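Letter by letter, the chains look like this.
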Amino acid sequence: MAYRVHILETEEAFDVEEGESVLEAAERSEVKLPHECTFGGCGTCRIKLASGTVRYEEFPMALTPEEAEEGYALACQARPTADLCISVASSRQTFPEPARIPATIHRIEPYGDDVIHLTLALPGQGMDYVPGQYMNVVLPDGETRSFSMASPPAGNLVDFHVRRIPGGRYTDQWLGQARAGADVEIEAPLGVFSYHEEDWRPLIMMATGTGIAPIKAILESLLDNEDCPPVTLYWGMRTEADLYLRDVIESWVGRLYEFNFVPVLSRAGEGWQGRRGHVQQAVLEDHEDLSEHAIYLCGAPEMIRQAKSLLAGRGASLDHMYADSFTFQHELASA
Ligand SMILES: Cc1cc2nc3c(=O)[nH]c(=O)nc-3n(C[C@H](O)[C@H](O)[C@H](O)COP(=O)(O)OP(=O)(O)OC[C@H]3O[C@@H](n4cnc5c(N)ncnc54)[C@H](O)[C@@H]3O)c2cc1C
Ligand code: FES
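- Going by what an unreviewed UniProt entry lists, the chain is known as 2Fe-2S iron-sulfur cluster binding domain-containing protein 3 and is assigned to Achromobacter arsenitoxydans SY8.

### What about the packing of aromatic side chains?
- Under the defined criterion, the tally for this structure stands at nine aromatic pairs.
- Ring centres 5.6 Å apart and planes at 80° place the aromatic pair Y56 and F59 in the edge-to-face group.
- By relative accessible area, which is 18% here, Y56 ends up buried.
- An aromatic cluster is present here, built from F193, Y195, Y296 and Y322 joined pairwise through their rings.
- Just above the ring of Y72 sits the side chain of R46; from NZ or CZ to the centre is 3.8 Å.

### Description of helix α4 (residues 212-221)
- Counted residue by residue, α4 has eight buried out of ten residues, so it is predominantly covered.
- Taken together, the buried positions of α4 are I212, A213, P214, I215, K216, A217, I218 and L219.

### Describing the nonpolar core
- In terms of nonpolar packing, the biggest core is built from 44 residues, with F14, M206, Y234, L297 and L311 touching the most fellow members.
- If sequence neighbours within four positions are ignored, L297 has contacts with F193, M206, M303, I304, A307, K308, L311, M321, Y322, A323 and D324.
- The next biggest cluster of nonpolar side chains, apart from the first, holds 33 residues, and it includes Y195, M205, A207 and L265.

### Describing the sheet that holds strand β2 (residues 13-16)
- Strand order in this open sheet of five strands is β2-β1-β7-β3-β5, and the pairing throughout is mixed. Pairing within the sheet leaves two strands with one partner each, and these edge strands are β2 and β5 (72-74). Strand after strand, the sheet turns through a mean of 40° between neighbouring axes, direction not considered.
- In the sheet, strand β1 (residues 3-7) pairs with strand β7 (residues 84-87) via three bridges, with the strands oriented parallel. What sits directly across from I7, in β7, is I86.

### Describing the packing of helix α6 (residues 279-286) against helix α7 (residues 301-312)
- Closest axis-to-axis distance for the α6/α7 pair is 9 Å, and the angle between their directions is 20°. Judged on the interaxial angle alone, α7 and α6 are roughly parallel. Of the two elements, α6 crosses α7, and the hand of that crossing is right-handed. On α7, the residues that touch V279, Q280, Q281, V283 and L284 of α6 are M303, Q306, A307, L310 and L311.

### Observations concerning the pattern of salt bridges
- Enumeration over the complete set of coordinates arrives at 20 salt bridges.
- Residues E143 and R169 are paired through a salt bridge, measuring 3.3 Å at the closest nitrogen-oxygen approach. Separated by 26 residues along the polypeptide, E143 in the loop between β10 (134-138) and β11 (144-148) and R169 in helix α3 (residues 169-177) bring together distant segments of the chain.
- Close ionic contact of D172 with R164 constitutes a salt bridge, the shortest N to O distance being 3.9 Å.
- The partly exposed category is assigned to D172, whose relative accessible area is 26%.
- Beyond isolated ion pairs, a larger network of salt bridges with shared partners links D141, E143, R145 and R169.

### Details of α7
- The terminal C-alpha atoms of α7, which comprises twelve residues, lie 17 Å apart, in line with the 16 Å expected from a rise of 1.5 Å per residue.
- All of the buried residues in α7 are M303, I304, A307, K308 and L311. All buried residues of α7 fall inside an arc of 130° around its axis, so they share one side.
- Where α7 is buried, its residues contact α2 (65-69), β14 (203-208), α6, β18 (294-299) and β19 (321-325).

### Details of the domain arrangement of the chain
- Domain annotation of the chain identifies domain 1 (3-88), domain 2 (99-190) and domain 3 (197-334).
- The gap between the C-alpha centroids of domain 2 and domain 3 is 23 Å.
- In this complex, domain 2 contributes 17 residues to the contact, which on the side of domain 3 involves 15 residues.
- If you sort the residues of domain 2 by the area they bury against domain 3, Y111, S148 and H161 come out on top, with a joint share of 33%.
- Between the two partners, domain 2 and domain 3, sit one salt bridge.
- For R238, the salt bridge identified is with D114, shortest N-O distance 3.0 Å.
- Applying the counting rule to domain 2 against domain 3 returns three residue pairs in polar contact (both at pLDDT 80 or more).
- Going through the elements one at a time, β11 and β12 (157-163) are the ones with two or more residues in the side of domain 2 that touches domain 3.
- Along the lines of polarity and charge, the residues of the side of domain 2 that touches domain 3 split into seven nonpolar, six polar and four charged.

### Quick look at the UniProt feature "domain: FAD-binding FR-type" (unreviewed entry) in the chain
- Using the residue numbers shown here, the UniProt feature "domain: FAD-binding FR-type" (unreviewed entry) corresponds to residues 98-196.
- Taken end to end, residues 98-196 is 9% helix and 45% strand, and its two terminal C-alpha atoms sit 21 Å from one another.

### Details of the side chain of S325
- Note that S325 resides in strand β19.
- If sequence neighbours within four positions are ignored, S325 has contacts with G41, G299, P301 and I304.

What counts as what
- Residues numbered from 1 in each chain as written.
- Chains lettered and ligands numbered in written order.
- Predicted model: local features only at pLDDT ≥ 70, side-chain atom pairs only at ≥ 80, totals over all residues.
- Heavy atoms only, no water.
- Phe/Tyr/Trp six-rings, centres within 6.5 Å; stacked < 30°, edge-to-face > 60°.
- Buried < 20%, exposed > 50% of the residue type's maximum accessible area, 1.4 Å probe, protein only.
- Lys NZ or Arg CZ within 6 Å of the ring centre and 35° of its normal.
- Helix = DSSP H or I, 4+ residues; strand = E, 2+ residues; numbered from the N terminus.
- Core = buried A, V, L, I, M, F, W, Y, C linked by side-chain atoms within 4.5 Å.
- Contact = heavy atoms within 4.5 Å.
- Pairing = 2+ DSSP bridges.
- Axes fitted to C-alpha atoms, helices over the stretch in contact; angles between N-to-C directions.
- Parallel < 35°, antiparallel > 145°, perpendicular 65-115°, else oblique.
- Left-handed = near helix turned anticlockwise from the far one by under 90°.
- Salt bridge = Lys/Arg side-chain N within 4 Å of Asp/Glu carboxyl O.
- Expected span 1.5 Å × (residues − 1).
- Arc of directions from axis to C-beta.
- Domains from an automatic or database assignment.
- Buried area = accessible area lost by both parts, 1.4 Å probe.
- Polar contact = N/O pair within 3.5 Å; in protein donor to acceptor, adjacent residues only side chain to side chain.
- Nonpolar A, V, L, I, M, F, W, Y, C, P; charged D, E, K, R; others polar.
- UniProt positions renumbered as here; feature names shortened; annotations may be inferred.

Laid out in structure tokens, this is it:
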């Protein structure tokens, strides 16, 4: 039996046939819904059900039970069990169209032990993108690897922070021997992770590892901005030596409104005077009530999953929680 789906914002409608997901049916009907991984791993296709119900063959990784209870669903996995009225309001921002771009490595240098600071030179004036978005590096056989822009748009140079995965085809084998001047084909800009100016709420930014990259691009775009709300940044790493961006972040004090930087170390040495443990725990320790905040989460998928549930338990609104999950590419490929 087919069910009818209405989109509140655009007044578009389409039918979902038996066995189809909402996203598959939308694509068949040439209705655009934001999406990336299509296997329930990234959360980009999140919609809100104003009415109707859905089911999942397997409950998706990028949806928490709290979100499902609040009426959120992932269009790429959700199968309607009734007619639906859906809202795509949280992803209504428009983003530049992606394109294949021939780039070259402008600079490649280590950032601590296992992060590479990569700067790509793009042709002409560079590309238009929204801070928070990412690019795909296209490998010779067409496989792709995703990396977030770590700098806001400014000319033709773009920064990236690449964690070296031991044995990783791109981050270890290819980048391990790459030099300045090498050609790189990229597909960009991609993704919907971005700053939501309309929220007007104090910001809590939470990153683990190189998840700091898109957060850096967003926060640098807010430097000296009089409309910037108070910002607290939690950055989770293992050891003090891993905090490769500490000086840069500390230089934002006075340029971001009421900026508070909280590095959190999971394997701190004895001399460390700062916070220990995991970022999500540190946020809980510091905030009894999160109902007035906008929260941005970026990095390991497991951190994001846990944090969404824990923070929702402290009243954080899922309407003002934005996540960029660094899902591994082999998961994307095998989906
Ligand atoms: C939207 C998005 C944005 C991203 N942005 C960044 C970024 O800015 N900086 C960054 O460093 N990474 C980022 N990532 C993660 C990055 O894409 C992967 O780490 C990368 O694809 C690994 O490629 P590889 O060829 O070196 O490893 P592969 O050859 O694909 O994998 C080698 C082995 O390592 C495992 N593996 C792969 N990736 C990871 C990982 N991230 N952590 C642990 N184990 C892994 C695989 O399961 C496999 O066993 C992002 C991912 C997504 C989806
Ligand atoms: S596109 Fe649906 S979760 Fe990624």
